[in-house]
Amino acid sequence: MAPDTPGHETQETLSNLLSETRRFAPPADLAAAANITASAYEEAAEDRLAFWERAAERLTWAQPWETTLEWNPPFAKWFIGGKLNVAYNCVDRHVEAGRGDKVAYYWEGEPDGDSRTITYADLQVEVSKAANALEELGVRKGDRVAIYMPMIPELPISLLACARIGAIHSVVFGGFSAAALKSRIDDADAKIVITADGGYRRGAPSALKPTVDEAVEQCPSIEHVLVVRRTGQDVATTDKDVWWHDIVDRQPSEHEPVPHDAEDPLYILYTSGTTGKPKGILHTTGGYLTQAAWTHHAVFDLKPETDIYWCTADIGWVTGHSYIVYGPLANGATSVIYEGTPDTPHRGRFWEIVQKYDVTILYTAPTAIRTFMKWGDDIPAKYDMSSLRVLGSVGEPINPEAYVWYREHIGGDRCPVVDTWWQTETGAMMISPLPGVTAAKPGAAMRPLPGIVADVVDDQGVSVPDGGGGFLVVREPWPSMLRTIWGDDKRYIDTYWSRFDGMYFAGDGAKRDSDGDLWLLGRVDDVMLVSGHNISTTEVESALVSHPKVAEAAVVGATDPVTGQAIVSFVILRGNAEEGADIAAELRTHVAKELGPIAKPRQIMIVPELPKTRSGKIMRRLLRDVAENRSLGDVTTLTDSSVMNLIAEKLPAAK
Ligand code: 6R9
């Protein structure tokens, strides 16, 4: 063993870990009628650019492109010379094709009974009015528009209004602080902010406008604040404010969607990363929409005439951009949008929504699935969810046990689960099973999608053999890839293109099993080095979650005088499990049995909650601080900072 070469180490150690043998073949009826069959892989392998050209032809172009790809590493341009309007593709063309009466969004507010149905014809009117209003406020092509809103229909309408004009939107998640909003407004030099008085969260109106006021006070670039009245709560006003209903409602309901260049910017979306100032990930028009739309069509087997699709993400994250707004609308889908939290007014709210709208495709995150496991099997069992046919997962590695639970308790053991790996930077899905093709393994993202050339390499950048592990990279440019970091080409090169020559470094660890299928192992920063063995947090967490009493687990490496790092785990028990005195011993034995003695945690702490980012990812960095008895680092991106107090209270018992 050579402990100083992480790539090789990962390879040797991980081949002993995870002996998952379950397989779920596609249902025969789904496979027989699937949008995509196995031949797509061969076609794309034969001629990758021709494959993406065909995907781009699913869109409506005002002017065809001349060059499919221009690649000056690491700067890509796709569909050069082509012109299209994203809003036209997402809205108008469906109306022109006689599908104006088709529902684009079933919007479900958090307060019971508060819902709206928006057809494609309605959306065309609303988006046109909003685009006219933005123009009246002085917004022009290329200007940046910050959007800080709850999950209400005016949110996707605002995105589309910007896209229509060619203004670059920068959505900032409605849970972020004034300081976070300010730094994002400044970095993008935004001209206006679109917001609302507030939104509904956990059964009560929660104000947004005061946060915007606090931020805008220190943002000289902002000329206007466009405010939707959602909750009707009392809010202070400033001379920059314009009410949405005052300006948008009186606009003409027609707006000419001028075509934009394929490489004109569509949006900036900030990702926080672990350190430093947030990175403004820049996406452009033609390639982005091509891949968002194609992957949505392929990975969910979307049938726009009959499917009711629901992605539970917030539009403030890339998942919402690509798979609530752009992908589904470009495909003419009918989607559900839900404003609130899954436990309001009760823990069956999601399943009530599935039942109410006969949802056929559900796309959610492992963090939600593990929460539902914790709440208990009896809750989803009360609802009729027989309409479901495809389930998706995104955001973190899905533990095999959570995958199987999702399949069984939500999908009635008949729906394929697609575990989709991608990032804000990739713009759209990259690695995923196809529901009509792949015999999926629980916990594996399986194969790069057709047209995507991803690989797992060792620390020298050499492709690992089957059974090996290392770093996930992408070897060829893809249509929806980020074009740069806004205003910082150097950081773009340093962050993604300097680790390995000529390859995109995703920052995730992965292994390729003996069949050649890919398993994502979490961020490489989180990998633990125990007695010279690289051990992935994901695999130990999955071993813990495979114990019937465990709902969720987070694992970190803490400095240890003997082993270098030692495994410390934080565990949430399932709803019905008792916290008996010997639970820690029981779990340690279980992990040793599943993964081998090397992976046995030094410590197990039973905790009520785990620290998560606002998009639901576990923040292991803070748990490392706890495990190493340090004072906590930056907690500003935590959803709920009181969680750390709850964990700290548990500490003495664990020692
Ligand atoms: C879409 C999104 C990206 C990071 C990514 C990885 C993790 C996302 C995953 C997954 C394992 C999956 N991630 N999907 N890990 N399996 N199916 O989440 O974008 O917020 O930018 O996060 O999320 O670590 O690098 P983003």
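Values in this document were obtained by computation on a predicted structure and should not be read as measured data.

**Structural notes on helix H9 (residues 209-216)**
When you tally the buried positions in H9, you get 6 out of 8 residues, the bulk of the element. Taken residue by residue, H9 has Lys 209, Thr 211, Val 212, Asp 213, Ala 215 and Val 216 as its buried positions. Against strand S6 (144-148), helix H8 (178-188), strand S8 (192-196), strand S10 (204-207), strand S11 (224-228) and strand S12 (241-243) lie the buried residues of H9.

**Side note on the UniProt feature "domain: Acetyl-coenzyme A synthetase N-terminal" (unreviewed entry) in the chain**
Mapped onto the present numbering, the UniProt feature "domain: Acetyl-coenzyme A synthetase N-terminal" (unreviewed entry) falls on residues 39-90. The distance from the first to the last C-alpha atom of residues 39-90 is 28 Å, and the span holds 42% helix and 27% strand.

**A look at the sheet that holds strand S21 (residues 454-457)**
Sheet architecture is open: 4 strands sit in the order S21-S22-S24-S25, paired in antiparallel fashion. Edge strands, defined here as strands with exactly one partner in the open sheet, are S21 and strand S25 (518-523). Averaged over neighbouring strand pairs, the angle between their axes works out to 45 degrees when direction is ignored. With 5 bridges connecting them, strand S22 (residues 469-474) and strand S24 (residues 504-512) associate as antiparallel partners. Within the sheet, the bridge partner assigned to Val 474 lies in S24 and is Tyr 504. Against the sheet, helix H18 (residues 537-545) touches S24 and S25, its axis set at about 105 degrees to S25.

**Some words on the nonpolar core**
Ranked by internal contacts, the top residues of the largest apolar core, which has 116 residues, are Leu 123 and Tyr 326. In terms of residues, this core owes the most to one element, helix H7 (residues 154-165), which gives 8 residues. Setting aside its immediate chain neighbours within four residues, Tyr 326 contacts Val 86, Cys 90, Leu 159, Leu 160, Ala 163, His 169, Leu 266, Tyr 267, Tyr 288, Leu 289 and His 321. Within the second largest apolar cluster, 53 residues are counted, among which are Val 404, Val 550, Val 555 and Leu 595.

**A look at the packing of helix H5 (residues 86-99) against H7**
Put simply, H5 and H7 touch, their axes get as near as 7 Å, and they point 120 degrees apart. Between H5 and H7, the angle falls in the class oblique. In this structure, H5 uses Val 86, Ala 87, Cys 90, Val 91 and Asp 92 to contact H7, whose residues at the interface are Leu 160, Ala 163 and Arg 164. A per-class count over the contact of H5 with H7 returns 6 nonpolar, no polar and 2 charged.

Conventions and cut-offs
All residue numbers refer to positions counted from 1 along the written sequence of the respective chain. pLDDT decides what is reported in this predicted model: residues at 70 or higher carry local features, side-chain atom pairs at 80 or more are listed and counted, and totals for whole chains, interfaces and linings draw on all residues regardless. Hydrogens and waters are ignored; side-chain quantities use all the structure's heavy atoms. Working definition: with a 1.4 Å probe on protein chains only, accessible area under 20% of the residue-type maximum means buried, over 50% means exposed, and in between means partly exposed. We count a stretch as a helix when DSSP gives it H or I for four or more residues in a row; a strand needs E for two or more, and each element gets its number in order from the N terminus. Throughout, a contact is declared for two residues whenever any of their heavy atoms are within 4.5 Å. UniProt positions are given in the numbering used here, feature names are shortened, and annotations may be inferred rather than shown by experiment. A strand pair is defined by DSSP finding two or more bridges across the two strands. To define axes, lines are fitted to C-alpha atoms, for helices over the stretch in contact only, and angles between the resulting N-to-C directions are given on a 0 to 180 degree scale. Definition of nonpolar core: a set of buried residues of the types Ala, Val, Leu, Ile, Met, Phe, Trp, Tyr and Cys, connected through side-chain atoms within 4.5 Å. For classification, angles of less than 35 degrees are called roughly parallel, those exceeding 145 degrees roughly antiparallel, those between 65 and 115 degrees roughly perpendicular, and all remaining angles oblique. All residues other than Ala, Val, Leu, Ile, Met, Phe, Trp, Tyr, Cys, Pro, Asp, Glu, Lys and Arg, Gly among them, are scored as polar; the first ten of these are nonpolar and the last four charged.

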